[in-house]
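# Tertiary structure, described
Now for the letters of each chain:
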Amino acid sequence: MRNVTERWNVVVEGKTYPAIVTWKRKRTLRFSISRDGKTINISVPNNTSKEYIKQGIQKHIPGLLKRFQYEEPIGKDYVYIFGKKESYPGFHLFEEKKQQKILKDILFEYIVGKSGQIALLMGVKTPYTYKVRKMVSRYGVNNITNKTITYSTCLVHYSKEIIDSVIYHELTHDSIRDHSYKFYEKLLSFMPDYKEKHAKLKRHIYE
């Protein structure tokens, strides 16, 4: 049976959220929130009733949404750059395209320089091309076939140590493609506090 996907608008604690509901060949329900805290993602076993899903939304989503109560990285007179709240009056008035261009350029310069250092430390010999673009659900993607690693623009708001944790993660995929025990064993051997940094990333703790 093929997956079936529907788009809903659901109300949680008085606020309306877009939701993507997917029926799959699986055994358990899974509720999650997109990284920007704006979309509810739900995957459920085939034949799960809509009423049961709606009950699950009201039970599980309020707790998940609490994780997204954080200070926005771009405000009226500031922008978080590398974990520091920098004064930048009017930045929020720029068109998103202009905002993204400024942030991409800042992050790209750091990514290229730091990736070379970390690759040398890890013994990675693959000559990767690095890119930065807006991504909603991922912080980094290693396309080994094309020898390209792409990073999410949002990383520019976080401390350099947190950004480094993503670089280590993606470069570890050069030798281990999955997220197996061996993958994390190797990753942690180079960055023992990776889990701490990744937790900050997920909780929008910029510094």
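Below is a short write-up of the structure. Computed from a prediction, not measured in an experiment: that's the story for all the values here. (Residues numbered from 1 in each chain as written. Predicted model: local features only at pLDDT ≥ 70, side-chain atom pairs only at ≥ 80, totals over all residues. Heavy atoms only, no water.)

### Points about the sheet that holds strand 8 (residues 140–143)
Taken in spatial order, the three strands of this open sheet run 7-9-8, and their pairing is mixed. Of all strands in the sheet, those bounded by a partner on one side alone are strand 7 (129–133) and strand 8. The mean inter-strand angle of the sheet, taken between neighbouring strand axes irrespective of direction, is 15 degrees. Taken together, the four bridges between strand 8 and strand 9 (residues 148–152) define a ladder with antiparallel strand orientation. In the strand pairing of strand 9, Asn-143 is matched with Thr-148. (Pairing = 2+ DSSP bridges. Helix = DSSP H or I, 4+ residues; strand = E, 2+ residues; numbered from the N terminus. Axes fitted to C-alpha atoms, helices over the stretch in contact; angles between N-to-C directions.)

### Comments concerning the environment of Phe-108
The topology assignment puts Phe-108 in helix 2 (residues 96–122). In the structure, Phe-108 is positioned 45 residues away from Thr-153 in sequence and 8.7 Å away in space, judged by C-alpha atoms.

### Observations regarding helix 5 (residues 194–202)
Buried within helix 5 we find Tyr-194, Lys-197 and Leu-201. One side of helix 5 holds all its buried residues, which, seen down the axis, span an arc of 70 degrees. Of the residues in helix 5, the exposed ones pointing more than 90 degrees away from the buried face are Lys-195 and Lys-202. Of the residues one or two after helix 5, His-204 is the one with positive phi, at around 60 degrees. (Buried < 20%, exposed > 50% of the residue type's maximum accessible area, 1.4 Å probe, protein only. Arc of directions from axis to C-beta.)

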